Amino acid sequence: MTKSISLVLGANRATLSGPRSKQHRVRQNAKAFAGRLREAGFGVRKWTNISNRHFAAVADKMKEQGVGDGRIAEIFSAARHLCEAYGNTRISPTNNVFGVKRGAIANANSKAVAPEFVLGAIAKLEAESSYEHGPRCAAQIRLQWELGLRREESAKVDLVKDWNREGRSLLVQYGTKGGRPRTLTNLSDKQQDALERALPYISQSNRPGVHNLMPEGMGDKWQEKLSYAARLCGFTKKESGWTLHSNRHERFHRLYVEHTGFQPPNQHPSVKVFQQTAYDVAGDEWPRLDAEARDEIEVTAGHSAGRRDVSDAYLGSSR
């Protein structure tokens, strides 16, 4: 009889970072990995003993069951997270060695929020007298929109230590995806203004010496307050078709247009129409401008230049 990986559900758990919802998602997907490994006939009991061979076996088992590469990659991400939490760094950082390809995320339709909508939502929250956290939420949403910050990043950014007003730069190091810090440079006047407007709401966090936008002592429960604010101003998929993440899409949409001079692919009915429009604007230079804009956006988003799956998710594919 084979045995599952006991540490997935055992009391002696590794410490995971991020909000409880994210930790729960990681553990559930890691549990799914353990179950598939058991189905493949392996009885490994510790994450420290997991190897590339086990990942390959899980990939084969899931493909045999008809599971798509996207879901396999999601489970593998959680399994890697648990391996690293227990000090196991031997797992391949890419999935192609297991025959799992990165999915083509080329959105046919843009998810970027309309500027007039987000500005209206911010104004509504700034003037909201029935909700004590309205103005604070407005400041956070403005940070998301102007700087392209993720939801957790915008709540946890330390404006006291990490914002360099004179140098027009911002270090984003808390709440980042995968714990990867990045520095936003050459901040515009509007971005500087967004940071300035957020300053009155900065509080001491649960971490000594770190200040953020969450009320003191509230911690990750703040995300529930922000969600309530989003519902108040109709910033939900159900009400308007947009979510707070749509702010990030709009930021990168603007970055692309500013760099290239033409609209990204997901603003056109087809790739062919996009390419013709881009050529009409920039001639033979359009592929270079497209590539440069994508590199900048991928880095600004907190990834590495060349991650076209990331820029495709925000802009659509240009090929």
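The notes below deal with the structure included here.

Further remarks concern the overall build of the chain. When helices and strands are tallied, the chain shows 12 helices and five strands. The C-alpha atoms of the chain give a radius of gyration of 22 Å, which matches the 20 Å a tight globule of 319 residues would have. Along the first, second and third principal axes, the C-alpha atoms of the chain reach 65 × 55 × 40 Å. Per-residue burial for the chain yields a buried fraction of 48% across its 319 residues. In the chain, the share of contacts with a sequence separation of at least 24, taken over all contacts with a separation of at least 6, comes to 61%. Looking at the chain as shown, the accessible area adds up to about 15,900 Å², and 48% of this sits on carbon and sulfur atoms.

If you add up the space inside the second largest pocket, you get close to 390 Å³. Along the wall of the second largest pocket there are 24 residues; nearest its centre are Glu 152, Lys 156, Tyr 174, Gly 175 and Arg 207. Among the residues making up the lining of the second largest pocket, the classes are represented as five nonpolar, 13 polar and six charged.

With that out of the way, let us pick up the sheet that holds strand 2 (residues 169-172). The sheet built from three strands is open, its strands ordered 1-2-3 with antiparallel pairing. With one partner strand each, in any of the chains shown, strand 1 (163-164) and strand 3 (182-184) form the two edges of the open sheet. In this structure, strand 2 lies alongside strand 3, joined through three bridges in antiparallel fashion. Pairing of Leu 171 across the sheet is with Thr 183, part of strand 3.

A word on the pattern of salt bridges. Under the defined criterion, the tally for this structure stands at 22 salt bridges. With its nearest N and O atoms 2.9 Å apart, the salt bridge here joins Glu 74 to Arg 71. Taken together, the positions of Glu 74 and Arg 71, both in helix 3 (residues 69-85) and three residues apart, correspond to about one turn of that helix. A relative accessible area of 38% places Glu 74 in the partly exposed class. Here Arg 71 falls in the partly exposed class, since its relative accessible area comes to 34%. The salt bridge partner of Glu 250 is Arg 254, with a shortest N-O separation of 3.5 Å. Separated by four residues within a single helix, Glu 250 and Arg 254 lie in helix 9 (residues 246-260), roughly one turn from each other. Taking the relative accessible area as the measure of exposure, Glu 250 reaches 5% and is therefore buried. Residues joined in a network through salt bridges with shared partners are Glu 126, Arg 142, Asp 193 and Arg 197.

Rules and cut-offs
Residues numbered from 1 in each chain as written. Predicted model: local features only at pLDDT ≥ 70, side-chain atom pairs only at ≥ 80, totals over all residues. Heavy atoms only, no water. Helix = DSSP H or I, 4+ residues; strand = E, 2+ residues; numbered from the N terminus. Rg over C-alpha atoms; globule rule 2.2 N^0.38 Å. Buried < 20%, exposed > 50% of the residue type's maximum accessible area, 1.4 Å probe, protein only. Contact = heavy atoms within 4.5 Å. Areas by Shrake-Rupley, 256 points an atom, 1.4 Å probe, with all protein chains shown as cover. 1 Å grid on protein atoms, 1.4 Å probe; cavity = no way out; pocket = protein on both sides within 12 Å on 5 of 7 lines; lining within 4 Å. Points joined across faces, edges and corners; volume = space filled by probe spheres on them. Nonpolar A, V, L, I, M, F, W, Y, C, P; charged D, E, K, R; others polar. Pairing = 2+ DSSP bridges. Salt bridge = Lys/Arg side-chain N within 4 Å of Asp/Glu carboxyl O.

Remember that the coordinates give geometry; whether it matters functionally is a separate question.
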